[in-house]
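Structural overview
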Amino acid sequence: MGVNLGVIDWNPWPVRRADLDHPDELRVDLDPGPGVPFAQVRTVALEVREVLDEHGLRGYPKTSGSRGMHVLVRIEPEHDFTEVRRAALALAREVERRMPGVATSRWWKEERKGVFIDYNQNARDRTVASAYSVRAVADARVSCPLEWDEVADVEPADLRLDTVPARLRERGDPAQSIDERAGRLDALLELAARDERDGLGDAPWPPHFRKQKGEPRRVQPSRARPR
């Protein structure tokens, strides 16, 4: 069916068919701003790993097949999309605190500096390219899983439709054990609660979502009128 529909890359939901309301995957999407070199994406990915490790979670990195990177985290399916997004926002803010000017959790593009950690990819109905998806770019790059010791030097342009099959045969799949490493979000949700006690409430949602409780005004800061 996918072939008949002209599907090039696959973008699955982070859930199992048996339970569509409770994700079993937290997704960290690293999106570099204009002019931000890929070396900076690598640096942020490694800091994401540190924060995840400190909160009892195992991340599995992969190239996005475009300009960024993803870190996938298998989790127990015990929270709804809102809570998983809340944990992802806390993670993004913690990385931003450690890497000011290098990583950012700011939703509005005019406020971003460096690599945007897109916490909203964990909102319901949002998706990212699956592992081993071929992307619709000129050199047919692949969203390719990596070992953590590869992240510091990886070049996305080397991971293409004509190179990844041999890599997979020779090295195996770096994400093969992901289902064996399901973690819990308790520690990240505690971090979110701490941020909220310190005055950091919710952050903007994508425009097609209804207004959420505690969400700030959903208007570009430069266009916001004082109340």
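Look above for the structure.
Residues numbered from 1 in each chain as written. Predicted model: local features only at pLDDT ≥ 70, side-chain atom pairs only at ≥ 80, totals over all residues. Heavy atoms only, no water.

Here the focus is the environment of glycine 56. Mapped onto the elements, glycine 56 comes out in the loop between α1 (38–54) and β2 (60–63). Note on glycine 56: relative accessible area 57%, which makes it exposed. A C-alpha to C-alpha distance of 7.4 Å links glycine 56 and alanine 187, two positions 131 residues apart in sequence. (Helix = DSSP H or I, 4+ residues; strand = E, 2+ residues; numbered from the N terminus. Buried < 20%, exposed > 50% of the residue type's maximum accessible area, 1.4 Å probe, protein only.)

On to the nonpolar core, then. In this structure, Leu26, Leu30, Val44, Val95 and Leu185 are the most contacted members of the largest nonpolar core, which totals 46 residues. Those elements that place two or more of their residues in this core are β1 (25–32), α1, β3 (69–74), α2 (81–98), β5 (115–117), α3 (148–151) and α5 (186–197). In terms of residues, this core owes the most to one element, α2, which gives eight residues. Every residue in contact with leucine 185, bar those within four places of it in the chain, is listed here: Leu26, Leu57, Ile75, His79, Val84 and Ala87. (Core = buried A, V, L, I, M, F, W, Y, C linked by side-chain atoms within 4.5 Å. Contact = heavy atoms within 4.5 Å.)

What the five strands build is an open sheet, ordered β2-β3-β1-β5-β4; its pairing is mixed. Across the chains shown, the open sheet's two edge strands, defined by having one partner strand only, are β2 and β4 (103–104). With two bridges connecting them, β4 and β5 associate as parallel partners. Looking across to β5, one finds that threonine 104 is bridged to phenylalanine 116. This element, α2, spans β1, β4 and β5 of the sheet and lies at about 40° to β1. (Pairing = 2+ DSSP bridges. Axes fitted to C-alpha atoms, helices over the stretch in contact; angles between N-to-C directions.)

Let's shift gears to the layout of surface pockets. Reported here for the largest pocket is a volume of approximately 360 Å³. As for the largest pocket, its lining consists of 17 residues, and the residues nearest its centre are Arg93, Arg106, Glu111, Ala203 and Pro204. Counted by class, the lining of the largest pocket contains nine nonpolar, one polar and seven charged residues. (1 Å grid on protein atoms, 1.4 Å probe; cavity = no way out; pocket = protein on both sides within 12 Å on 5 of 7 lines; lining within 4 Å. Points joined across faces, edges and corners; volume = space filled by probe spheres on them. Nonpolar A, V, L, I, M, F, W, Y, C, P; charged D, E, K, R; others polar.)

Between α1 and α2, the shortest axis-to-axis distance is 10 Å and the interhelical angle comes to 120°. In terms of orientation, α1 and α2 fall into the oblique class. α1 and α2 meet at a crossing whose hand is right-handed. Of the residues in α2, those touching α1 at Val44, Glu47, Val48, Val51, Leu52 and Glu54 are Leu91, Glu94, Val95 and Arg98. (Parallel < 35°, antiparallel > 145°, perpendicular 65-115°, else oblique. Left-handed = near helix turned anticlockwise from the far one by under 90°.)

Bringing the pattern of salt bridges into the picture now. Inspection of every chain in the model, using the stated rule, returns 27 salt bridges. Here glutamate 94 makes a salt bridge to arginine 97, at a shortest N to O gap of 2.7 Å. Pair noted here: glutamate 94 and arginine 97 are both in helix α2, with a separation of three residues, about one helical turn. (Salt bridge = Lys/Arg side-chain N within 4 Å of Asp/Glu carboxyl O.)

A few words now on unusual backbone geometry. In this structure, aspartate 125 is a non-glycine residue whose phi angle is positive, near 80°. Within the secondary structure layout, aspartate 125 lies in the loop between β5 and α3. On the basis of relative accessible area, aspartate 125 is assigned to the partly exposed category, the value being 48%. Even without being a glycine, alanine 140 presents a positive backbone phi close to 55°. If you trace the backbone, alanine 140 turns up in the loop between β5 and α3.

This paragraph deals with α1. Given a rise of 1.5 Å per residue, 17 residues ought to cover 24 Å, and the 25 Å separating the end C-alpha atoms of α1 matches this to within 8%. Within the span of α1, buried status applies to Phe38, Gln40, Val41, Arg42, Val44, Ala45, Val48, Val51 and Leu52. Buried residues along α1 sit against β1, β3, α2, β4, β5 and α3. (Expected span 1.5 Å × (residues − 1).)

Next up on the list: α5. The first and last C-alpha atoms of α5 sit 16 Å apart over twelve residues, in line with the 16 Å expected at 1.5 Å per residue. Among the residues making up α5, those that are buried are Leu188, Leu189, Leu191, Ala192 and Asp195. For α5, the arc enclosing every buried residue in end-on projection is 150°, short of the 170-degree limit, so these residues lie on one face. Opposite its buried face, α5 presents the exposed residues Glu190 and Arg197, each directed more than 90 degrees away. Those residues of α5 that are buried lie in contact with β1 and α2. Just downstream of α5, glycine 199 is the residue with a positive phi angle, here 100°. (Arc of directions from axis to C-beta.)

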